[in-house]
Amino acid sequence: MFKFQSFPRTATVFPALFRRTNHHQSLPQIQNATTIVETLTLLLKQRQKLPQISQIHAQVTTQGLSSNSSLVFAIVRCYISAKNLSFARTSFDRCLYPSLLLWNVIIQAYSKKQNCQESFNLFRQMLALGDGSMPDKYTFTFVITSCSQQNTPIYGDIIHALVIKFGCESDTFVCNSLLNFYSVFGKMEEARIVFEEMPQKDVVTWTSFLSGYTKHGKMDRAVELFSEMPERTDVSWTVMISGLVGVGACAYLGALDQGKWIRSYVEKIETLRSANISTALIDMYAKCGKIDCARSIFNGSSKTDVFTWTSMISALSKHGLGEHALSVFSQMPGEGIKPDDITLLGVLNGCSHSGLVEEGCSVFDKMETLWGISPMIQHYGCMVDLLGRAGQLERAFEFVRRMPIEPDIVIWRALLSSCRIHRNVKLGEQIIDHISQSDPCGQGGGYVLLSNLYASLGRWEKVDGVRKQMNAKNIELRTGCSWIENGTVHKFVSADKLHPRITEIHQKLNQVLKKARTEGGYITNTNPVLFDLSDEEKEQAVSWHSEKLAVAFGLLSTHSGAPIMIVKNLRICDDCHSAMKAISRVFSREITVRDRSRFHNFREGICSCKDYW
């Protein structure tokens, strides 16, 4: 007969249960093993704290029930709930014949740990035992999730083969996990095969696939896929969720026509209107250069939240409309909306892009006292950028030195970038050594800026030295890319030779630049050239920058007077900026260039940035 006297603390921990079990005895008398298991299982369901779980576990061991699958399952799940995976694993390992349910719960627990290979190891152990516990769709879902967190896709490739072997390749949950896995590793062709062969697709299916394309820069394919959705799936919450992803892809590419189509589609379905949709549409229009359309969406939104307001403020900031961003920000308290750290980041960016130094300093100083938000490294970075862009380099340097948190490489690179813009070699050289020492990951931002600074001063021996260091660390310069939409999205790289109409584009570009020089006052600026070349070679190099090729294509393929929108992955160079001003005046075109940090709207030879960027 089992008596709880052998487990003295249990009565203290669970007095209510004991009173319900037997009102006439101080401790319950449990008559058989079945009752013992039922009682211990009930105890495990009622209490989740680690000391209590350990007491019950001890009683299970004392009573020789460590091989009872249902009890071990309950114990393992309780330990996992109490965030003690070590105890859960020990309990699992002592079970001689774990059930499929038990295998799944322990594999799932490890799948949630970042970069943990143990789910895969347990899965192999499960197959090797051959005790009848064959994997099911849940097993594969958990193992594939774990494979998505590894440093190599090899584990997932193996699991996919086993998915087919065990006949789970048609299960939606398993396929969604595979989609996510392939998307994580950028294997979008394999993801496409899984997607096309799925008999049923849900919200997760579409969002995983679309997110994979957008994450790995295949924005044109994401937009194309989104346009196919109405014909291929039932329009419901899928459109709302996936629509946000689709709008994001349009925003990245500046694909305004596709974005407008998405907006009109969403507006047909009243139930899909929400603050999230408004936020995404504001972002899309702003990134496509249509800030007035973004304002229209914002002003007409019946449902707004802090994200909607933040999106509008960030949009105005990137368009160089710092004063307008501050105006919208000032309206938030009256609407009962409290700014968050991202909102303040947008405001500070607006001040930085518009030269509003004192206004930005005022916002930064009030972050903790007025809004209760402690500045993060990104906010400090904005302040360094704000002061540096304004040419207050010594003040920016002193600000960095007095920061209460350790400045990261991004802070130092921002300061060095300002040194390059304002050609302050003395201060630049003071922080060069620090940047070189603080970039152990080898991503090279500091080296590139250092090389640019030397190149702008014609110190080619220094440039050569930096390039040798970059080669030794396998650091490569990012290739400049530009996109322009004309029914479809066209991509150009510097000195592009692959576009189907490239010969025609080069001829048009030569004509455009010649007219910009003779009628628009454009003078080639070869300072952006980072290599020691002849003057003629330098002029040729800047003439073939990707944004110039894109604007030539725009002039070639659109009707007279039509606006031209270009998206660029890097900062627009001084020469291209001058060329765009001249081209906008000579050809009477509105040209918008969105570089990696802001918008430049060129009209009649003047840029919206007022040459401050």
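1. Quick notes on the overall build of the protein
Phase 1 of the analysis: Within the protein, the regular secondary structure consists of 33 helices and 8 strands.
Phase 2 of the analysis: The proportion of buried residues among the 613 residues of the protein is 51%.
Phase 3 of the analysis: Of the accessible surface of the protein, which amounts to about 29000 Å², a share of 50% is contributed by carbon and sulfur atoms.

2. Let's talk about the sheet that holds strand S6 (residues 591-594)
Phase 1 of the analysis: What the 6 strands build is an open sheet, ordered S4-S3-S5-S6-S7-S8; its pairing is mixed. Because the sheet does not close on itself, it has two edges, and the strands there are strand S4 (488-493) and strand S8 (606-607).
Phase 2 of the analysis: In this structure, strand S3 (residues 481-486) lies alongside strand S5 (residues 564-568), joined through 3 bridges in antiparallel fashion. Paired with Trp 483 across the two strands is Val 567, which belongs to S5.
Phase 3 of the analysis: Where helix H33 (residues 574-586) meets the sheet, its contacts fall on S5, S6, strand S7 (599-603) and S8, and the angle it forms with S7 comes to roughly 35°.

3. Some remarks on the pattern of salt bridges
For side chains bearing opposite charge, pairing can occur when the charged atoms are close.
Phase 1 of the analysis: Counted under the stated rule, the structure contains 16 salt bridges.
Phase 2 of the analysis: The closest approach of N and O atoms between Asp 171 and Lys 137, which form a salt bridge, is 3.8 Å. With Asp 171 in the loop between helix H10 (154-165) and helix H11 (172-184) and Lys 137 in helix H9 (residues 137-147), this pair connects stretches of sequence that are 34 residues apart.
Phase 3 of the analysis: Overall, Asp 171 belongs to the buried group, its relative accessible area being 18%.
Phase 4 of the analysis: On the basis of relative accessible area, Lys 137 is assigned to the partly exposed category, the value being 30%.
Phase 5 of the analysis: Linked through salt bridges whose partners overlap, the residues forming this network are Arg 89, Asp 93 and Glu 118.

4. Some words on the side chain of Thr 139
Phase 1 of the analysis: Within the secondary structure, Thr 139 is located in helix H9.
Phase 2 of the analysis: A polar contact is formed between the side chain of Thr 139 and the side chain of Asp 136, at a distance of 2.8 Å.
Phase 3 of the analysis: Ignoring anything within four residues of it in the chain, the contact list for Thr 139 reads Leu 100, Asn 104, Ile 107, Phe 123 and Met 126.

5. As for helix H7 (residues 100-111)
Structurally, the α-helix is built with 3.6 residues per turn, so residues lying three or four positions apart point the same way.
Phase 1 of the analysis: Under the 1.5 Å per step criterion, the end-to-end length of H7 is 16 Å for 12 residues, consistent within 8% with the ideal 16 Å.
Phase 2 of the analysis: Summarising burial for H7: 9 of the 12 residues are buried, a large majority.
Phase 3 of the analysis: Among all positions in H7, only Leu 102, Trp 103, Asn 104, Val 105, Ile 106, Ile 107, Ala 109, Tyr 110 and Ser 111 are buried.
Phase 4 of the analysis: Residues of H7 that are buried make contact with helix H5 (69-81), helix H6 (85-93), helix H8 (118-129) and H9.

6. Let's talk about the packing of aromatic side chains
Within a pair of aromatic rings, the relevant descriptors are the distance that separates the centres and the angle that separates the planes.
Phase 1 of the analysis: Applying the stated criterion across every chain, the model contains 14 aromatic pairs.
Phase 2 of the analysis: An aromatic cluster is built from Phe 123, Phe 140 and Phe 166, whose rings are joined through pairwise contacts.
Phase 3 of the analysis: The ring centre of Phe 587 lies 5.0 Å from the NZ or CZ of Lys 515, which sits over that ring.

7. Things to note about the nonpolar core
Phase 1 of the analysis: By size, the foremost hydrophobic cluster in this structure holds 65 residues, and its most contacted members are Met 312, Phe 399 and Leu 415.
Phase 2 of the analysis: Leave out the neighbours within four places in its chain, and Leu 415 touches Val 384, Leu 393, Ala 396, Phe 397, Val 400 and Ile 431.
Phase 3 of the analysis: Counting residues in hydrophobic clusters, the runner-up holds 59 residues, among them Val 37, Val 76, Tyr 110 and Leu 162.

8. A short note on the confidence of the model for the protein
Phase 1 of the analysis: Scored by pLDDT, the protein has a mean of 80; 79% of the residues are at 70 or more.
Phase 2 of the analysis: Here strand S1 (residues 2-3) stands out as the element of the protein with the lowest mean pLDDT, 35, in contrast to helix H22 (residues 357-365), whose mean of 96 is the highest.
Phase 3 of the analysis: Ignoring residues within four places in sequence, the model shows residues 1-31, a span with pLDDT below 50, making 43 contacts including any to other chains.
Phase 4 of the analysis: Ignoring residues within four places in sequence, the model shows residues 235-242, a span with pLDDT below 50, making 24 contacts including any to other chains.

9. Remarks on unusual backbone geometry
Phase 1 of the analysis: A positive phi angle, near 55°, is found at Ala 495, a position not held by glycine.
Phase 2 of the analysis: With respect to the helices, strands and loops of the structure, Ala 495 is situated in the loop between S4 and helix H30 (502-520).
Phase 3 of the analysis: Overall, the relative accessible area of 35% leaves Ala 495 in the partly exposed class.
Phase 4 of the analysis: Unlike most non-glycine residues, Asp 611 shows phi in positive territory, near 60°.
Phase 5 of the analysis: Here Asp 611 lies in the segment after S8.

10. Description of the environment of Lys 218
Phase 1 of the analysis: Positionally, Lys 218 belongs in the loop between helix H13 (203-215) and helix H14 (219-232).
Phase 2 of the analysis: Taking the C-alpha atoms as reference points, Lys 218 and Met 188, separated by 30 residues in sequence, lie 9.3 Å from one another.
Phase 3 of the analysis: Other than its neighbours up to four places away in sequence, Lys 218 contacts Met 188 and Tyr 213.

11. Observations regarding the packing of helix H24 (residues 377-389) against helix H25 (residues 393-401)
Phase 1 of the analysis: Between H24 and H25, the least distance of the axes is 8 Å, while the angle of their chain directions is 160°. It follows from the interaxial angle that H24 and H25 lie roughly antiparallel. When the axes of H24 and H25 are compared, the crossing they make is left-handed. Between H24 and H25, the contacting residues are Tyr 380, Met 383, Val 384, Leu 387 and Gly 388 on the first element and Leu 393, Arg 395, Ala 396, Phe 399 and Val 400 on the second.

What counts and what doesn't
Residues numbered from 1 in each chain as written. Predicted model: local features only at pLDDT ≥ 70, side-chain atom pairs only at ≥ 80, totals over all residues. Heavy atoms only, no water. Helix = DSSP H or I, 4+ residues; strand = E, 2+ residues; numbered from the N terminus. Buried < 20%, exposed > 50% of the residue type's maximum accessible area, 1.4 Å probe, protein only. Areas by Shrake-Rupley, 256 points an atom, 1.4 Å probe, with all protein chains shown as cover. Pairing = 2+ DSSP bridges. Contact = heavy atoms within 4.5 Å. Axes fitted to C-alpha atoms, helices over the stretch in contact; angles between N-to-C directions. Salt bridge = Lys/Arg side-chain N within 4 Å of Asp/Glu carboxyl O. Polar contact = N/O pair within 3.5 Å; in protein donor to acceptor, adjacent residues only side chain to side chain. Expected span 1.5 Å × (residues − 1). Phe/Tyr/Trp six-rings, centres within 6.5 Å; stacked < 30°, edge-to-face > 60°. Lys NZ or Arg CZ within 6 Å of the ring centre and 35° of its normal. Core = buried A, V, L, I, M, F, W, Y, C linked by side-chain atoms within 4.5 Å. pLDDT = per-residue confidence, 0-100. Parallel < 35°, antiparallel > 145°, perpendicular 65-115°, else oblique. Left-handed = near helix turned anticlockwise from the far one by under 90°.

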